[in-house]
Amino acid sequence: MPYYNDLRPDTDLKKKGYALVFPEMRDAEKIRAIDGVLELKNGLDNLIPPRRTDKTILIASWNIKEFGHTTQRLPEAYFYIAEIIARFDLVVIQEVKSTLRDLQIVMRLLGSEWEYVVNDITSGVDGNSERSAYLFNSSRVKLSGVVGELVLWPAITDGAAIKQLKRTPYLTGFKAGWKEFGMLCLHLQPGKHQDDVQYRREEVSLLLTALKEKIKEHWTSSLVIAGDFNFYKGDDKDDGAVALFTDAGYYEVDSLIGLDTNASKTEAYDRMFIRENEYFCVVKRPDGRMNGGVFDPFQFVYKDDQTANYTQEMIEDYTGEKDMRDPANQASYYKHPWRKNQLSDHFPIWFELEIDSSVDFLENKREAFEE
């Protein structure tokens, strides 16, 4: 669990020199953060399954808005982000910016069991100064030793309209229990215009062609592709791109299909696709569906009815022309974009991966002797 030293009263801090991340937090801010963490813990307990020792791991993906560039986050927001991340074993983060400030703060709160790997930013206008990160609980998940950015080569892009994905995908190997697998963090071209849709589809096509070749070389065939795909739901524009994954032997976590993953609850941007493999499986629920979901933190912190709790902070932060003394303007600004700048404009998505296939393995080998 995260460290909470910053949330101690001053009387505790005087007794022992605890290492603090936010030494300037006022008592009222600490109380508000403690209340929020308790609410968040309760929500996570109810909506995210507990760890099952050595049988499964929980994998999540989260696009955390402007992670490293925004200066608007309050100290309490970092506690909420760390609390959510700590509930999983391996978390794929998109939109980590050129500075690692926010990431380093969260890592300090997560504690010594947590480690991370991060790639370089994708330079240029199209790259948006973004990079990807993998945060993992080292007592549950290890690096396999193989990492790399997936850069397309001429034989792959011959005849294609694009030569590289705008944000370079980050491919990293992990080990947990019996399983060794690859994770690929993806952030595809945004936009609903037909040109954007076509570009996104070509990104997927080239990506899958490149992965097919990489698997032939040295990568495991057990792969999870996770991230912000910028796929739109409710129309057929991105169906072609989804079909490309299916045709290439990947399946989507079915319990995530069609669920809203953006904070405005209008689109299913964030997805997870897994390469089909007999011994690489998502844990099933009693109803037969895969165990996964979307976690909406705004049910528990920065709730719709909490605008008044942050009036002063919003007034200090606001740079527009509206009168922020007006409660209606405060409520509007609170929902968009203020609270999204605190946490994110995307929700984390997750699934539970089986990492112990020993029973199936042994039963299959036993049957082989009888053939």
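Just so it is clear, the structure is predicted and the values come from calculations on it, not from any experiment. (Residues numbered from 1 in each chain as written. Predicted model: local features only at pLDDT ≥ 70, side-chain atom pairs only at ≥ 80, totals over all residues. Heavy atoms only, no water.)

Some remarks on the sheet that holds strand β4 (residues 131-137)
So the rule is basically this: A pair of strands is labelled paired if DSSP reports no fewer than 2 bridges between them. Counting from the N terminus, the helices are the DSSP runs of H or I reaching at least four residues and the strands are the DSSP runs of E reaching at least two. Orientation is described by axes fitted as lines to C-alpha atoms, over the contacting stretch for helices, and by angles from 0 to 180 degrees between their N-to-C directions. In this analysis, two residues are considered to be in contact whenever any of their non-hydrogen atoms come within 4.5 Å of each other.
Reading across from one edge, β3-β4-β2-β1-β12-β11 is the order of the 6 strands in this open sheet, with mixed pairing throughout. Of all the strands in the sheet, just β3 (114-118) and β11 (292-294) have a single pairing partner and so form its edges. For this sheet the average axis-to-axis angle between neighbouring strands, irrespective of direction, equals 20°. Pairing geometry for β11 and strand β12 (residues 349-354), over 3 bridges, is antiparallel. For glycine 292, the partnering residue across the bridge sits in β12 and is phenylalanine 351. Strand contacts of helix α3 (residues 75-86): β1 (56-67), β2 (90-96), β3 and β4, with the helix running at about 155° to β1, the strand carrying the most contacts.

What to know about the layout of surface pockets
For the record, the criterion: The way it works is a 1 Å grid over only the protein atoms, where trapped points that fit a 1.4 Å probe form a cavity and open points with protein on both sides within 12 Å along at least five of seven lines form a pocket, and then any residue with an atom within 4 Å of a point lines it. Grid points are joined across faces, edges and corners, and a volume is the space filled by probe spheres set on the points. The classification used treats Ala, Val, Leu, Ile, Met, Phe, Trp, Tyr, Cys and Pro as nonpolar, Asp, Glu, Lys and Arg as charged, and all other residues, Gly among them, as polar.
Roughly 220 Å³ of internal volume is contained in the largest pocket. Around the largest pocket sit 15 residues that line it, and Glu29, Leu74, Pro75, Glu313 and Glu316 are the ones nearest its centre. Of all the elements in the fold, those that place two or more residues in the lining of the largest pocket are α8 (311-317) and α9 (327-342). A per-element tally of the lining of the largest pocket places α8 first, with 4 residues. Along the lines of polarity and charge, the residues of the lining of the largest pocket split into 5 nonpolar, 4 polar and 6 charged.

Re the environment of proline 2
Quick reminder of the rule: A 1.4 Å probe rolled over the protein chains alone gives each residue an accessible area, and that area as a share of the maximum for its type sets the label: buried under 20%, exposed over 50%, partly exposed in between.
Mapped onto the elements, proline 2 comes out in the segment before α1 (10-15). Judged by relative accessible area, which is 4%, proline 2 ranks as buried. C-alpha of proline 2 to C-alpha of serine 112: the two residues are 110 residues apart in sequence and 9.7 Å apart in space. If sequence neighbours within four positions are ignored, proline 2 has contacts with Ala82, Glu83, Ala86, Leu109 and Leu110.

As for the packing of helix α2 (residues 27-47) against α3
Formally: By the definition adopted for this analysis, an angle is roughly parallel if under 35 degrees, roughly antiparallel if over 145, roughly perpendicular if from 65 to 115, and oblique otherwise. Handedness of a helix crossing follows the sense of rotation of the near helix relative to the far helix, less than a right angle counterclockwise being left-handed and clockwise being right-handed.
Contact geometry of α2 with α3 gives a least axis separation of 10 Å together with a crossing angle of 20°. It follows that α2 is roughly parallel to α3 by the angle criterion. You can see that α2 and α3 cross each other, and the crossing is right-handed. Across the interface between the two elements, Arg32, Ala33, Gly36, Val37, Leu40, Lys41 and Leu44 of α2 pack against Glu76, Phe79, Tyr80, Glu83 and Ile84 of α3. The class makeup of the residues in the contact of α2 with α3 is 7 nonpolar, 1 polar and 4 charged.

Here we look at the packing of aromatic side chains
Counted only if it meets this: Stacked, tilted and edge-to-face pairs are distinguished by plane angle, under 30 degrees for stacked and over 60 for edge-to-face with tilted covering the rest, among Phe, Tyr and Trp rings (Trp via its six-membered ring) whose centres lie within 6.5 Å. A positively charged side chain is recorded as over a ring if its NZ (Lys) or CZ (Arg) lies within 6 Å of the ring centre. The angle to the ring normal must also be within 35 degrees.
Enumeration according to the criterion identifies 24 aromatic pairs in this entry. Taken together, the ring pairs connect Tyr134, Phe136, Tyr170, Phe174, Phe181 and Phe280 into an aromatic cluster. Arginine 339 extends its terminal NZ or CZ atom over the ring of phenylalanine 298, reaching a point 4.5 Å from the ring centre.

Notes on the sheet that holds strand β6 (residues 170-176)
Spatially, the 6 strands line up as an open sheet ordered β5-β6-β7-β8-β10-β9, and their pairing is mixed. Where the open sheet ends on each side, the last strands, each with one partner, are β5 (142-149) and β9 (250-252). Shown here is a sheet whose adjacent strand axes are inclined to one another by a mean of 25°, direction ignored. Of the strands in this sheet, β6, β7 (179-187), β8 (223-228), β9 and β10 (270-275) touch helix α6 (residues 194-217), which is tilted by about 150° from β8.

As for empty space enclosed by the protein
A complete count under the given rule lists 1 cavity of 30 Å³ or more for this structure. In terms of lining, the largest cavity is formed by Gln94, Glu95, Asn119, Thr122, Glu130, Arg131, Ser132, Arg167, Thr168, Cys185 and His187. Of all the secondary-structure elements, those providing two or more residues to the lining of the largest cavity are β2, β4 and β7. Looking at the lining of the largest cavity residue by residue, the class counts come to 1 nonpolar, 6 polar and 4 charged.

A word on the pairing of β1
The side chains of a regular strand alternate, first on one face of the sheet and then on the other. Using the following cut-off: The path from the first strand over the helix to the second decides the hand: if it runs clockwise while the strands point away from the viewer, the crossover is right-handed.
In terms of burial, β1 is a largely internal element, 11 of the 12 residues being buried. In this structure, β1 lies alongside β12, joined through 6 bridges in antiparallel fashion. For serine 61, the partnering residue across the bridge sits in β12 and is isoleucine 349. Here 6 bridges tie β1 to β2, and the two strands are oriented parallel to one another. Its bridge partner lying in β2, alanine 60 is registered against valine 91. In terms of handedness, the path from β1 via α3 over to β2 forms a crossover that is right-handed.

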